[in-house]
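Observations on chain architecture
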Amino acid sequence: MERRSFVRGAGLAGVLAAGAAPAIVHAQANIRWRLASSFPKSLDTIFGAAEVFAKKVKEMSSGKFEISVHAGGELMPPFGVVDGVQNGTVEMAHTAPYYFFGKDETFGLGCAIPFGLNSRQMTAWMVEGNGMKLMREFYKNYNIINFMGGNTGAQMGGWYRKEVKTLADIKGMKMRIGGFGGKVLERIGGVPQSIPGGEIYSALEKGTIDAAEWVGPYDDQKLGFNKVAGFYNYPGWWEGGPQLDFYINTKAYDGLSAEYKAIIEAASAVAHIDMQGKYDAKNPAALKQLVGAGTKLVRFPKDVMDAAFKEAMALYSELSGKNPNWKKVYEDFANFRRDQNLWFRFAEAGFDDFMQQQKL
């Protein structure tokens, strides 16, 4: 996404939200699209971002451009949405790109990788860095154009039936974990499992898995994980700032008028900000409730963090040697991460460290 284009789109969102839709929009043809989500309707935050997006598109087009939003499994399996958009079965999808690292590891860079970027850094890479440009070049291989579709912020490290005290406790542990986190978990002795969000509770309850990660307190509480696993670890080192995306079939997008394309861009910006705001606002109260109900908060032991970091860096180096798509995007990502960490070390981290020691 070009920087100036994004700014224009975000500005358009404000104008249209105020009810001042340009007259030219009213001359456009009526369009009906379907959006396949990878998430269940019960999660008003992550699934809700697609609903916010569709609502804004309808409002900005005076009802002429409507997008119906379908929960994971309604039109296609939650992890089948890339194929659905690529093949034109649906016009678009809302998903976490790292679900599809099995197709190409580069998908993970469009969402989150272990020890990657936090949410603000991820947005900065996409909007002001080369992130959007590089990911769109990659997505052309799948007949997809992407737009930012929200960010959960740094996630928790998951629910465990038994406390993780040392790295040795990871050995043989079966854990539901998404994206690259599973690859790194495997390298430090764990057994990753790929399970859609709506099926995690039953797997934990039955003991099919020993642990599971999803998002954070608000969503995790809604899914009831605290009822079947007592230990809640942090931080989610594999998801410092996972970005969701709206995937649109290239042919469908190219068939839109310039005005409708601008509406898509503006609506995605609104949905992106809305999701992050919801998570930051809702997670604190949910965490208090979980702890009040007996959940034990546990910070990952240092040996787990150190081992995971070492294996993650080794994995990325290996991938750069065999996957040219990964190498091209990751080199830019890594350079951006280095500079961002230097800046955040003094500004954000310095401020946060002081404030979190105060009694407020």
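See the structure printed just above.
Reference entry: report on the structure contained in this document. All values derive from a computational prediction rather than experimental measurement.

Helices and strands together make up the secondary structure of the chain, namely 13 helices and 11 strands. On C-alpha atoms alone, the chain measures out to a radius of gyration of 20 Å, which is about the 21 Å that the 2.2 N^0.38 rule sets for 360 residues. With respect to the principal axes defined by its C-alpha atoms, the chain has extents near 65 × 45 × 45 Å. A total of 360 residues make up the chain; the buried ones form 54% of that total. Considering only contacts in the chain between residues 6 or more positions apart, those separated by 24 or more positions represent 80%. Accessible area for the chain stands at about 15,800 Å²; split by element, carbon and sulfur atoms hold 53% of it. If you average the places of the 42 positive and of the 38 negative side-chain charges in the chain, the two averages end up 1 Å apart.

Here we come to the environment of tryptophan 237. Structurally, tryptophan 237 can be placed in the loop between β9 (231–234) and β10 (243–249). Take tryptophan 237: its relative accessible area is 6%, and that puts it in the buried class. For tryptophan 237, the residues in contact, after removing those within four places along its chain, are Pro114, Phe115, Gly181, Val184, Leu185, Phe300, Met305 and Ala308.

This part is about the side chain of threonine 95. Among the secondary structure elements, threonine 95 is positioned in strand β3 (residues 92–95). Judged by its relative accessible area of 0%, threonine 95 falls in the buried class. Side-chain polar atoms of threonine 95 contact the side chain of serine 38, separated by 2.7 Å. Dropping the residues within four chain positions of it, threonine 95 is found in contact with Ser38, Phe39, Val81, Phe100, Leu244, Asp245 and Tyr247.

Before going further, it helps to spend a moment on the packing of helix α5 (residues 131–139) against helix α12 (residues 324–346). At a closest axis distance of 10 Å, the pairing of α5 and α12 adopts a crossing angle of 170°. Judged on the interaxial angle alone, α12 and α5 are roughly antiparallel. Facing Leu134, Met135, Glu137 and Phe138 of α5, the residues of α12 in contact are Asn325, Lys328, Val329 and Asp332. Along the lines of polarity and charge, the residues of the contact of α5 with α12 split into 4 nonpolar, 1 polar and 3 charged.

So, on to the sheet that holds β10. Reading across from one edge, β2-β1-β3-β10-β4 is the order of the 5 strands in this open sheet, with mixed pairing throughout. Every other strand in the sheet has two partners, leaving β2 (65–70) and β4 (144–151) as the edge strands with one partner each. Taken pair by pair, the neighbouring strands of this sheet meet at an average axis angle of 25°, ignoring direction. Packing against the sheet, helix α2 (residues 48–60) makes contact with β1 (31–37), β2, β3, β4 and β10, and its axis sits at approximately 165° to β2. Running over the sheet, α5 touches β4 and β10 and is turned about 135° from β4.

Looking at the secondary structure, you find methionine 122 in helix α4 (residues 119–127). Assessed through its relative accessible area of 2%, methionine 122 is described here as buried. Remark: the alpha-carbon pair of methionine 122 and arginine 34, spanning 88 residues in sequence, is separated by 28 Å. If near-sequence neighbours (up to four positions away) are discounted, methionine 122 is found in contact with Leu109, Gly110, Cys111, Leu117, Asn151, Gly241, Gln243 and Phe333.

What follows deals with the sheet that holds strand β7 (residues 191–193). What the 6 strands build is an open sheet, ordered β7-β6-β8-β5-β9-β11; its pairing is mixed. Looking at which strands have only one partner, the edges of the open sheet turn out to be β7 and β11 (296–299). Bridging between β9 and β11 involves 4 bridges; their strand directions are parallel. Among the inter-strand pairings, tyrosine 232 is bridged to a residue of β11, identified as leucine 297.

Cut-offs and rules
- Residues take numbers from 1 onward in each chain, read along the sequence in its written order.
- Only residues with pLDDT of 70 or above have their local features reported here, since the model is predicted, and side-chain atom pairs are shown and tallied only from 80 upward, although totals for entire chains, interfaces and linings are computed over all residues.
- Hydrogens and waters are ignored; side-chain quantities use all the structure's heavy atoms.
- Secondary structure elements are defined from DSSP: runs of H or I of at least 4 residues count as helices, runs of E of at least 2 residues count as strands, and each element is numbered from the N terminus.
- For a compact globule the rule gives 2.2 Å times the number of residues to the power 0.38, and the radius of gyration it is set against comes from C-alpha atoms.
- Note on exposure labels: buried denotes an accessible area under 20% of the residue type's maximum, exposed denotes more than 50%, and partly exposed covers the range between, all computed with a 1.4 Å probe on protein chains only.
- Any two residues whose heavy atoms approach within 4.5 Å at even a single point are treated as in contact.
- Per-residue and other accessible areas were derived by the Shrake-Rupley procedure at a 1.4 Å probe size, with only the shown protein chains allowed to occlude residues.
- Positive charges are assigned to Lys and Arg, negative charges to Asp and Glu, while His and the chain termini are left out of the count.
- Positions of charges follow a simple convention, taking NZ of Lys, CZ of Arg, CG of Asp or CD of Glu.
- Pairs of N or O atoms within 3.5 Å make up the polar contacts considered here, provided that, within protein, one atom can donate a hydrogen while the other can accept it, and that residues adjacent in sequence are counted only when both atoms are side-chain atoms.
- To define axes, lines are fitted to C-alpha atoms, for helices over the stretch in contact only, and angles between the resulting N-to-C directions are given on a 0 to 180 degree scale.
- An angle below 35 degrees is treated as roughly parallel, one above 145 as roughly antiparallel, one from 65 to 115 as roughly perpendicular, and anything else as oblique.
- Residue classes follow a fixed rule: Ala, Val, Leu, Ile, Met, Phe, Trp, Tyr, Cys and Pro count as nonpolar, while Asp, Glu, Lys and Arg count as charged, and any other residue, Gly among them, counts as polar.
- Paired strands, in this sense, are two strands between which DSSP finds at least two bridges.

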